[in-house]
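# Survey of secondary and tertiary structure
Chain by chain, the residues:
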Amino acid sequence: QVHLVESGGGLVQAGGSLRLSCAAAESSASSNVMGWFRQAPGKEREFVAIISWSGGTTYYADSVKGRFTISRDNAKNSVYLQMNELKAEDTGVYYCITILAGWGTEPEDVDYWGQGTQVIVSS
């Protein structure tokens, strides 16, 4: 079992920035792939970004590429999502995730989810 706790969500104006944090309660999470998904109101959950256990490999959804940056600090069992140039369409609940084996960008690839943190971007 891996417990993930997100923080850093909130209300921001379009064009602004937010930084999301996710801490894993278990140190074993530092050896797993970690990432972020989001779910907008009335829409399905979608992939945002993912990072390898070493931090050396990252991958982003086209919709956030160039604006969002994922990073991690394994000493703190944490992963972060720096979100810049936010748009109204970035509004949603952001979920921290971890994948125990392999690599994936679909919800069914995810082994554990955090409880989510709300991001609202006002236009």
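Anything mentioned here points back to the structure above.
So, how was this worked out
Residues numbered from 1 in each chain as written. Predicted model: local features only at pLDDT ≥ 70, side-chain atom pairs only at ≥ 80, totals over all residues. Heavy atoms only, no water. Helix = DSSP H or I, 4+ residues; strand = E, 2+ residues; numbered from the N terminus. Polar contact = N/O pair within 3.5 Å; in protein donor to acceptor, adjacent residues only side chain to side chain. Contact = heavy atoms within 4.5 Å. Salt bridge = Lys/Arg side-chain N within 4 Å of Asp/Glu carboxyl O. Buried < 20%, exposed > 50% of the residue type's maximum accessible area, 1.4 Å probe, protein only. Pairing = 2+ DSSP bridges. Phe/Tyr/Trp six-rings, centres within 6.5 Å; stacked < 30°, edge-to-face > 60°. Lys NZ or Arg CZ within 6 Å of the ring centre and 35° of its normal.

By the secondary structure assignment, Ser78 is in strand 8 (residues 78-83). Within the structure, the side chain of Ser78 is placed 2.9 Å from the backbone oxygen of Lys76, a separation counted as a polar contact. With near-sequence residues (within four places) excluded, Ser78 lies in contact with Cys22, Ala23, Arg72 and Asp73.

This part takes up the pattern of salt bridges. One pass over the full model with this rule turns up 4 salt bridges. For Asp90, the salt bridge goes to Arg38, with nearest N and O atoms at 2.9 Å. In this pair, Asp90 sits in the loop between strand 8 and strand 9 (92-99) while Arg38 sits in strand 4 (residues 33-39), placing the two residues 52 residues apart along the sequence. Assessed through its relative accessible area of 5%, Arg38 is described here as buried. The salt bridge involving Lys65 is made with Asp62; its shortest N-O contact spans 3.0 Å. Using a relative accessible area of 48% as the deciding quantity, one classes Lys65 as partly exposed. We classify Asp62 as exposed; its relative accessible area is 66%. A single network of salt bridges, built from pairs that share partners, joins Arg38, Glu46, Arg67 and Asp90.

This brings us to the pairing of strand 5 (residues 46-51). Consecutive side chains of a regular strand alternate in pointing toward one face of the sheet and then the other. A large share of strand 5 lies buried, amounting to 5 of its 6 residues. Bridge analysis of strand 4 against strand 5 gives 5 bridges, and the strand direction is antiparallel. If you follow Phe37 over to strand 5, its bridge partner there is Phe47. Counted between consecutive antiparallel strands, the loop separating strand 4 from strand 5 contains 6 residues, among which Gly42 sits at a positive phi close to 75°. Pairing of strand 5 with strand 6 (residues 58-60) involves 3 bridges; the strand directions are antiparallel. Looking at the pairing, Ala49 lines up with Tyr60 of strand 6.

Let's shift gears to the packing of aromatic side chains. Two descriptors summarise a pair of aromatic rings, namely the distance from one centre to the other and the angle between the planes of the rings. This structure, assessed with the given rule, holds 4 aromatic pairs. Taking the centre distance of 5.8 Å and the plane angle of 80° together, the rings of Phe37 and Phe47 count as edge-to-face. On the criterion of sequence distance, the pair formed by Phe37 in strand 4 and Phe47 in strand 5 is long-range, its members being 10 residues apart. Accessibility assignment for this pair places Phe37 and Phe47 in one class, buried. Pairing Tyr95 with Trp113 gives two aromatic rings, centres 6.0 Å apart and planes at 90°, and the pair type is edge-to-face. Highlighted residues: Tyr95 in strand 9 and Trp113 in strand 10 (residues 112-113), separated in sequence by 18 residues. The class of Tyr95 is buried, set by a relative accessible area of 12%. Given the relative accessible area of 27%, Trp113 is considered partly exposed. Put simply, the rings of Phe37, Phe47, Tyr59, Tyr95 and Trp113 touch in pairs and so form one group of aromatic residues. One Lys or Arg, Arg45, reaches over the ring of Tyr95 and ends 3.9 Å from the middle of that ring.

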